[in-house]
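Each chain, written out:
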Amino acid sequence: MTENVVVLGAGYAGTGAITKLQSELGGNARLTWIADVDYHLVLHESHRVIRDPSVRSDITFPVEEIADPATRFIQDEVVGLDVDEQVVELEDTDDVEYDYVLVGLGSQTAYYGIPGLEEHSLTLKSLDDALEIHEAVKEASQEATRGEPAQVVIGGAGLSGIQTAGEIAEFRDEHRAPIEIHLVEALEEIFPGNDPEIQQALRDLLEDAGVHIHTDDPITEATADHIEFDEGEPLDHDVLVWTGGITGRDAMDDAALEKEHNRVNASANFQTSDERVFAIGDSAIIDQGDQPAPPTAQAAWQAAEVAGENIARAIQNRPLKTWEHEDKGTVISVGDEAVAHEVKPAFGISLPVDTFGGIPAKNLKKMIAARWIADITSWNEARKSWSSL
């Protein structure tokens, strides 16, 4: 019997898994790919669109460039997963039956119950989000003056928040726009939970770019024109961007699977509490012993390779592989600058320092994105995208 294999999502996890499954299955199963958009977005470069919307053509890749002709693609919103009936429930089209399904839907923004935050903030989870932030910043700057500059506040100083602040600073400088940028973090330092060396390097770049950094004071409420803090004075905003947390997609609300905050619990082989359902990426909390795998692009790339192979192994009644996340280092951009930290030789570089910036860090970040683009399309496509990365 030919098995029906369904992959949900066109992010790093879903796209990487489709690529692997196409090579592993070799036409021995019916493969269906379902996503709410008909392209893959290189999400960790989506902040570039905030500065320059034309960049989007270099970081989005149509499904037809990735999917084999035999792979069926459905563009629709996943609204549910019925594991008893083994069907994926879609918003506008007929439900899709599966024998095996891989959940790679990504995440949505968590607001932690902070009053007014969801209603009054923008997020950065998609191409449309990046375009919306661009338009909001542009409009606010056009209505501002040197005496009363537009106030742009970014909540959350993790990877997305730092890179968003850097791009808005570049937009300000390129357009000589009257904008003040504030980066707000509830914890004691930006890029929380990381080595103080990279925290300081990022702080230096942000401050050099004129970004005002506020730490160690959580947001307690957001309104249409200001945010309030636990201790400090309120901070006015014309544009508020929230990058402070993630949770699972609503589509997993009623799925009869073990999960936390709608993120599906998965073992190190990506199987869930239902052996026919696998989960990876931000959709999943993947067991890695002391703590789950991080919700990063790097982890999703690594996981997709093994998850795709494991579904093929399950079909063939072969033992499943166990995946162990390998942290290959961190590279973060702040506008046109970048910082790299504890980069492993696997990235093609080995330096006698833990943290570095300048041209080596900038080119390394470009190369990481280019490698991913080449993996899912071709090196020719990666070459064409290079200037935008």
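It should be emphasised that the depicted structure is a prediction, and the values quoted were computed from it without experimental measurement. (Residues numbered from 1 in each chain as written. Predicted model: local features only at pLDDT ≥ 70, side-chain atom pairs only at ≥ 80, totals over all residues. Heavy atoms only, no water.)

(A) Structural context of helix α5 (residues 127-142). Taking 1.5 Å of rise per residue, the 16 residues of α5 would be expected to cover 22 Å, and the 23 Å separating its terminal C-alpha atoms lies within 8% of that figure. Those residues of α5 not exposed but buried are Leu-127, Asp-129, Ala-130, Leu-131, Ile-133, His-134, Ala-136, Val-137, Ala-140 and Ser-141. N-capping of α5 is provided by Ser-126, with a side-chain oxygen placed 3.4 Å from the backbone N of Asp-128. (Helix = DSSP H or I, 4+ residues; strand = E, 2+ residues; numbered from the N terminus. Expected span 1.5 Å × (residues − 1). Buried < 20%, exposed > 50% of the residue type's maximum accessible area, 1.4 Å probe, protein only. Polar contact = N/O pair within 3.5 Å; in protein donor to acceptor, adjacent residues only side chain to side chain.)

(B) Expanded view of the packing of helix α1 (residues 12-25) against helix α8 (residues 297-315). At a minimum axis separation of 8 Å, α1 and α8 run at an interaxial angle of 35°. α1 and α8 meet at a crossing whose hand is right-handed. In this structure, α1 contributes Tyr-12, Ala-13, Gly-16, Ala-17, Lys-20, Leu-21, Glu-24 and Leu-25 to the contact, and α8 contributes Ala-297, Ala-300, Trp-301, Ala-304, Glu-305, Gly-308, Glu-309, Ile-311, Ala-312 and Ile-315. Taken together, the residues that form the contact of α1 with α8 break down as twelve nonpolar, two polar and four charged. (Axes fitted to C-alpha atoms, helices over the stretch in contact; angles between N-to-C directions. Left-handed = near helix turned anticlockwise from the far one by under 90°. Contact = heavy atoms within 4.5 Å. Nonpolar A, V, L, I, M, F, W, Y, C, P; charged D, E, K, R; others polar.)

(C) Just the pairing of strand β2 (residues 29-35), in detail. Counting buried residues in β2 gives six out of seven residues, a clear majority hidden from the surface. Each parallel crossover has a hand, and the one from strand β1 (residues 3-8) via α1 to β2 is right-handed. Inspection of the sheet shows β2 paired to strand β5 (residues 72-75) by four bridges, in the parallel sense. Within the sheet, the bridge partner assigned to Ile-34 lies in β5 and is Ile-74. (Right-handed = clockwise from strand over helix to strand, strands pointing away. Pairing = 2+ DSSP bridges.)

(D) Here's a closer look at the sheet that holds strand β14 (residues 219-222). Taken in spatial order, the three strands of this open sheet run β14-β15-β16, and their pairing is antiparallel. Of all strands in the sheet, those with a lone pairing partner are β14 and β16 (235-236), marking the two edges.

(E) Local environment of empty space enclosed by the protein. All chains considered together, the criterion is met by one cavity of 30 Å³ or more. Considered as a void within the structure, the largest cavity measures approximately 80 Å³ in volume. Every residue lining the largest cavity is counted, 14 residues in all, and those nearest its centre are Gly-281, Ile-286, Ala-293, Pro-294 and Ala-299. When contributions to the lining of the largest cavity are tallied by element, the ones reaching two or more residues are β22 (284-286) and α8. Classifying every residue of the lining of the largest cavity gives ten nonpolar, two polar and two charged. (1 Å grid on protein atoms, 1.4 Å probe; cavity = no way out; pocket = protein on both sides within 12 Å on 5 of 7 lines; lining within 4 Å. Points joined across faces, edges and corners; volume = space filled by probe spheres on them.)

(F) Quick look at the packing of aromatic side chains. Applying the stated rule across the entire model yields six aromatic pairs. For the ring pair Phe-270 and Trp-323, a centre distance of 5.5 Å and an interplane angle of 35° mean the geometry is tilted. Of this pair, Phe-270 sits in the loop between β20 (263-266) and β21 (277-279) while Trp-323 sits in the loop between α8 and β23 (330-334); the two residues are 53 residues apart in sequence, bridging distant segments of the chain. Just as Phe-270 is buried, Trp-323 falls in that class too. Ring centres of Trp-301 and Trp-372 lie 5.2 Å apart, and the angle between their planes is 5°; this geometry places the pair in the stacked category. With Trp-301 in helix α8 and Trp-372 in helix α9 (residues 358-376), the pair connects residues that are 71 residues apart, well separated along the chain. With relative accessibility at 6%, the residue Trp-372 sits in the buried group. A network of ring pairs unites the aromatic residues Tyr-12, Trp-301 and Trp-372 as a single cluster. Arg-276 extends its terminal NZ or CZ atom over the ring of Tyr-100, reaching a point 4.5 Å from the ring centre. (Phe/Tyr/Trp six-rings, centres within 6.5 Å; stacked < 30°, edge-to-face > 60°. Lys NZ or Arg CZ within 6 Å of the ring centre and 35° of its normal.)

(G) Representation of the nonpolar core in the model. Leu-81 and Val-88 are the most contacted members of the largest nonpolar core, which has 119 residues in total. Looking at this core, the element that brings in the most residues is α8, giving eleven residues. Discounting residues that sit within four places of it in the chain, Val-88 has contacts with Val-6, Leu-8, Ile-34, Val-78, Gly-80, Leu-81, Asp-95, Val-96, Tyr-98 and Val-101. Core analysis: the second largest hydrophobic core is formed by twelve residues, Tyr-111, Val-153, Leu-235 and Trp-242 among them. (Core = buried A, V, L, I, M, F, W, Y, C linked by side-chain atoms within 4.5 Å.)

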